[in-house]
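Chain by chain, the residues run as shown.
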Amino acid sequence: MTDSAEPRTGTTDSGPGGYAAARLRLLQEESRSGPPRRSALAGLTDQWLAALLDGGAEASGITGGVALVAVGGYGRGELSPRSDLDVVLLHDGSADSSALAALADHVWYPVWDMGLALDHSVRTPDEARKTAADDLKVQLGLLDARHLAGDDALTAGLRTTVLADWRAQAPARLPELRELCQERAERHGELQFLLEPDLKEARGGLRDATALRAIAASWLADAPREGLDEARRRLLDTRDALHLATGRAADRLSLQEQDQIATAVGLLDADALLRQVYESARTIAYASDVTWREVDRVLRARSAGRPRLRGLLGGRGRGGSGSAQTPGERSPLAEGVVEQDGEVVLARAARPERDPVLPLRAAAAAAQADLPLSLHAVRRLAAAARPLPVPWPPEAREELVTLLGAGESTVGVWEALEAEGLITRLLPDWERVRCRPQRNPVHRWTVDRHLVETAVRASALSRRVGRPDLLLVAALLHDIGKGWPGDHSVVGETIVRDLAARIGFDRADVSVLATLVRHHLLLVETATRRDLDDPATVHAVAEAVRGPGTLELLHALTEADALATGPAAWSAWRGALVADLVKRVAAVLAGEPAPDPDAPQQITAEQERLAIEARRTGGPVLALHARPEALPPGDETAEPEPIGVELLIAVPDQSGVLAAAAGVLALHRLTVRAADLRAVDLPSELDGADRGVLLLSWRVAAEYGSLPQAARLRNDLLRALDGSLDIVARLAEREAAYRKYPRRRGVHAPPPRVTVAPGSSQLATVIEVRAQDVPGLLHRIGRALEAAGVTVRSAHVSTLGANAVDAFYVTDAAAAPLAPMRAAEVAREVEQALR
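The sections below set out a description of the structure shown in this document. (Residues numbered from 1 in each chain as written. Predicted model: local features only at pLDDT ≥ 70, side-chain atom pairs only at ≥ 80, totals over all residues. Heavy atoms only, no water.)

## Notes on the overall build of the chain
Helices and strands together make up the secondary structure of the chain, namely 31 helices and 15 strands. Counting the 835 residues in the chain, one finds 52% classified as buried. For the chain, long-range pairs separated by at least 24 residues make up 71% of all intrachain contacts whose partners lie at least 6 apart in sequence. Of the roughly 37300 Å² of accessible surface on the chain, a fraction of 50% belongs to carbon and sulfur atoms. (Helix = DSSP H or I, 4+ residues; strand = E, 2+ residues; numbered from the N terminus. Buried < 20%, exposed > 50% of the residue type's maximum accessible area, 1.4 Å probe, protein only. Contact = heavy atoms within 4.5 Å. Areas by Shrake-Rupley, 256 points an atom, 1.4 Å probe, with all protein chains shown as cover.)

## Here we look at the nonpolar core
Residues L373, W392, W414, L427 and W430 are the most contacted members of the largest nonpolar core, which totals 94 residues. In this view, L373 contacts R293, V344, A362, A363, A366, V378, V413, A416 and L417; residues no more than four positions away in its chain are not counted. Counting 57 residues, the second largest nonpolar core, distinct from the first, contains A202, A214, L274 and A287. (Core = buried A, V, L, I, M, F, W, Y, C linked by side-chain atoms within 4.5 Å.)

## Points about the packing of aromatic side chains
Per the counting criterion, the structure on display carries four aromatic pairs. Both rings, one in Y109 and one in W112, keep their centres 5.2 Å apart while their planes meet at 85°; by these two values the pair is edge-to-face. Residue Y109 and its partner W112 are both found in helix α4 (residues 97–113); the two are separated by three residues, about one turn of the helix. According to the relative accessible area criterion, Y109 is buried, its value standing at 8%. Sitting over the face of the ring of F505, R397 holds its NZ or CZ atom 5.5 Å from the ring centroid. (Phe/Tyr/Trp six-rings, centres within 6.5 Å; stacked < 30°, edge-to-face > 60°. Lys NZ or Arg CZ within 6 Å of the ring centre and 35° of its normal.)

## Here we look at the sheet that holds strand β4 (residues 146–150)
On the basis of which strands lie adjacent, the open sheet formed by four strands has the order β3-β2-β1-β4 and mixed pairing. The open sheet has two edge strands with one neighbour each: β3 (118–123) and β4. Averaged over all adjacent pairs, the angle separating strand axes in this sheet is 25°, with direction ignored. Where strand β1 (residues 66–70) and β4 come together, four bridges link them in antiparallel fashion. When the sheet's bridge partners are listed, V69 is paired in β4 with H147. With respect to the sheet, α4 is in contact with β1, β2 (85–91) and β3, its orientation differing from that of β3 by roughly 170°. Sitting on the sheet, helix α5 (residues 125–134) is in contact with β2 and β3, with an inclination near 120° to β3. (Pairing = 2+ DSSP bridges. Axes fitted to C-alpha atoms, helices over the stretch in contact; angles between N-to-C directions.)

## Concerning the sheet that holds strand β7 (residues 343–346)
Taken in spatial order, the three strands line up as β5-β6-β7 in an open sheet, and their pairing is antiparallel. The outermost strands of the open sheet, each flanked by one partner alone, are β5 (330–334) and β7. Across this sheet, the average inter-strand angle for adjacent strands is 40°, counted without regard to direction. Relative to β7, strand β6 (residues 337–340) runs antiparallel, the two being bridged by four bridges. Pairing of V338 across the sheet is with V345, part of β7.

## Considerations on helix α20 (residues 488–503)
Here α20 is 16 residues long and its end C-alpha atoms lie 21 Å apart, about the 22 Å a rise of 1.5 Å per residue gives. A maximum bend of about 25° is found in α20 at V496. By the N-cap criterion, in which a side-chain oxygen at the helix start approaches the backbone nitrogen of a residue two or three places on, α20 is capped by D487, the distance to S489 being 2.9 Å. Following α20 by one or two positions, G504 adopts a phi angle in the positive range, close to 110°. (Expected span 1.5 Å × (residues − 1). Bend = angle between axes of the 7 residues up to and from the residue. Polar contact = N/O pair within 3.5 Å; in protein donor to acceptor, adjacent residues only side chain to side chain.)

## Observations concerning the pattern of salt bridges
Enumeration over the complete set of coordinates arrives at 53 salt bridges. The salt bridge partner of D448 is R282, with a shortest N-O separation of 2.6 Å. Separated by 166 residues along the polypeptide, D448 in helix α18 (residues 447–459) and R282 in helix α11 (residues 270–304) bring together distant segments of the chain. Accessibility classification places D448 together with R282 in one group, the buried group. A salt bridge links E559 to R464; the shortest N-O distance between them is 3.2 Å. (Salt bridge = Lys/Arg side-chain N within 4 Å of Asp/Glu carboxyl O.)

## Considerations on helix α28 (residues 710–722)
Three- or four-residue spacings in an α-helix give side chains the same orientation, since the helix completes a turn every 3.6 residues. Over its 13 residues, α28 extends 18 Å from the first C-alpha to the last, a length consistent with the 18 Å expected when each residue adds 1.5 Å. Of the positions making up α28, those classed as buried are L713, D716, L717 and A720. All buried residues of α28 fall inside an arc of 105° around its axis, so they share one side. Just beyond α28, the residue with positive phi is G723, at close to 90°. (Arc of directions from axis to C-beta.)

So, in structure tokens, the structure goes:
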């Protein structure tokens, strides 16, 4: 290999007839894109490099024994606009080293001068073989070696020996390749679920497609071909457009570029682009799973010393019965379904063309046994199975519930059914949510995968409910309306009424499922954004659910939905709030008398102590409590939540408390995860005073380092309340610095939205604020409400990822709810202040 050197200028012909001009014309030619353009670019580059080699050979006096070889993607004849040029200068060892170095420089420097990335080496065939044996990535590149110029016998010999080495070493090297793929997936995530995916490195991306080619070249196994080439082509087309849009060799599809890329590849918008990318990634990922299982079977058979290779390699996917593939022992799992060699296959006597329930029965059996459905079985079911009658027979409904109740093993089986189109055949409305992206970063999954994950989570909660079948089906369908315009809960209710009837549920069960889908967000939104001590809050929920059985199911569905969404959507705190709400609603549904809204609110002993001290001293009193690590409820396998801190503040009732307290927390770099503010009236006999006290309960986390001391927080709060601490100016300085050095460029949050929630309370007006969670947000809201001249009766702050959803119960000077026009005016004033 030649030593690296800095590129020189002036050595590349970039005139009208040169490579640079021809390359530019080709890339600007709108009529040619995709595979034709990649092939044309490779061909153009071939001619240029061949001319460089010929000129260099003449200049250096080398008359033979050298060849220029393209490897990797360039070797496959696929060049994206900013792809690296992967080339090997192959020689037979007869040339003088200085002449060989001069020849290499004659080829490399013009490439560098063009500003193209070059991955180059100079090797003999033996050196290339040795390097490939030591470095798997080099060997994978050499599998696609293609002759460019020079002695074609050298290239042919290298190809022959490299392929022979690969096939001979495959039993030892394929496990290494699999480990490399797994490490890459852990590092870059799954392409089919990422909002800003890496088209090359993420699981299901172009690297995995290359790995499948390498497995096929080993002759040990082959990937399912249907759709694979098309999926790979779409990812390459997307990457081409990304290269042209950014002007660099980018593989990550950033949010700010997605609309432009969508237009370039002829799609409507960024969502359509992501959906196409996800579908392609899903095809490649599924093919990878199937292929690696085949590799495992072959390697197991070899290590066991059994003469089974012919049976394992022959006939997969070419028709015939499931038994013709692997002459191993069969264990029955269900009617028409057996286990064979670690997979679920169809029994010899199975007749899918006469048994419409067989696909669901096979899937349920596979999931319950924690085994994969064989590729051949799924394809045979897809090709031959009859459609289910409408409504479904009871057995089909029961098998669907069994499949959904299997837990984690449901996911792989569901993906196998989906890969062959069986899911949309069973549930036609599924097509709308399949591979649909979710722009909210709180969500980890696409809509369809989230629904399956929710069913998985719900299966662990099925012992808590009287009708686990309704829970599992509701979990699967709760977001089915996201594929349509409008409120997905409202649309989903309509879809589920029709779908549940098709599945065979009776009228009463259909009504329960529709209610669960319509109100699947009701409990968590109410618990985190409404005052649970307000009777109107509890009565509204009771009126929506109507019965204790539905409430029980909705509670479990809420938890499963949140756990399947992502870490930011559920916590021990949220779980406790939801459980408290459910307990109160259950009491109302049981006919227990509603609490008196004018009765003193229940407070803890510590809160009472702090309130008494605040009223006695006339100033704020604080208490900081570190909470131990806790598991989110309903998920014993999850990681413990980070240690949180509860901050309790009691202060004599006065204006500006919320803004002052929030401002002090922001100054001390404390992030507010949740907050609750309420006024309490202590019994006058405690100290003879009549003045009320405000209690603020905060869940906070330190943005950097350790928490501040309570004494410092109290001193700053005193200064903020008496006006000696200018919080506005201090926060403005920090915001200016924040804008000067932003953490992320190019990401623009949507504008804040402030609305009035009518009918949420009979005691106050509820103002809802939805905005980007930034330092000082709560302080600005508090100041805006104070400037509007309203009294904050209680506040309920909730943070989901980068979004804050806060609710403020406000009253006028007479402690009454605001008139509708006045409430709308206050909402506008707060929104304007936040903008």
